[in-house]
Amino acid sequence: KSAGAQVNSGTTTVNAKTSVNYTAADLFDDTINIATTADSTAFTATLAGGAKNDVFTIVGGAKQTSITVTGNLGAGTNKVTTTLNNSDSSTGQTVNLSGLTGSDKTTTTTSTVLTAEADSAITYTGSAMNDTITIDATSSTAWNTANTKAISISDSTTTDTDTLVLKTVTGGTKDIGFTSLS
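How each quantity is defined
Residues numbered from 1 in each chain as written. Predicted model: local features only at pLDDT ≥ 70, side-chain atom pairs only at ≥ 80, totals over all residues. Heavy atoms only, no water. Pairing = 2+ DSSP bridges. Helix = DSSP H or I, 4+ residues; strand = E, 2+ residues; numbered from the N terminus. Axes fitted to C-alpha atoms, helices over the stretch in contact; angles between N-to-C directions.

K.L.:
So what's going on with the pairing of strand β10 (residues 122–125)? Which residues, and what values?
P.N.:
Across four bridges, the pairing between strand β8 (residues 93–101) and β10 is parallel. The residue of β10 that forms the bridge with Gln93 is Ile122. Relative to strand β12 (residues 151–154), β10 runs parallel, the two sharing four bridges. Counterpart to Thr123 in the pairing with β12 is Ser152.

Pasting the structure below:
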């Protein structure tokens, strides 16, 4: 979707297999929800934000091997959320946000949620913005056993503030365990 300078805010929903190139259609408050198709493996999103306050959400499917996000989100409070669900991939999953930029590190953020992935290696590379990586075991029985595959988290810069969050059920039986975390 690409359009001229519209003032209204808008929401766009997209299902895609391999890639999305998106330029914000409105000056501010754009929202785009991207879901990969059931047979998507490698997926790339190239995003260009409007003047401010854009929200981008990308959710990977059961065969996802990688999600790469690039582009310049521009000014304002912008947010990119990427979610990896349990993948059938035996080669693991990769999230790469290293090509994603914005005009202000304090107002442009990324959030990546790793849900239900207990049997694949995960490689995460953060953006130049403030990144939050959440490993969420609150809704899945898959995390009841330790992930024995490598989980690697790195960043494209050292001048931002990144956060790792581990979520599990309080008082529950779900544990998050790692044997290889770098």
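Having seen the model, we can carry on.
K.L.:
How would you summarise the sheet that holds β12 if you had to cite specific residues and measurements?
P.N.:
Taken in spatial order, the six strands of this open sheet run β2-β4-β6-β8-β10-β12, and their pairing is parallel. This sheet does not close on itself; its edge strands, each paired only once, are β2 (19–23) and β12. Within this sheet the neighbouring strands show an average axis-to-axis angle of 5°, counted without direction.

Scope: geometric values only; no functional claims are made or implied.
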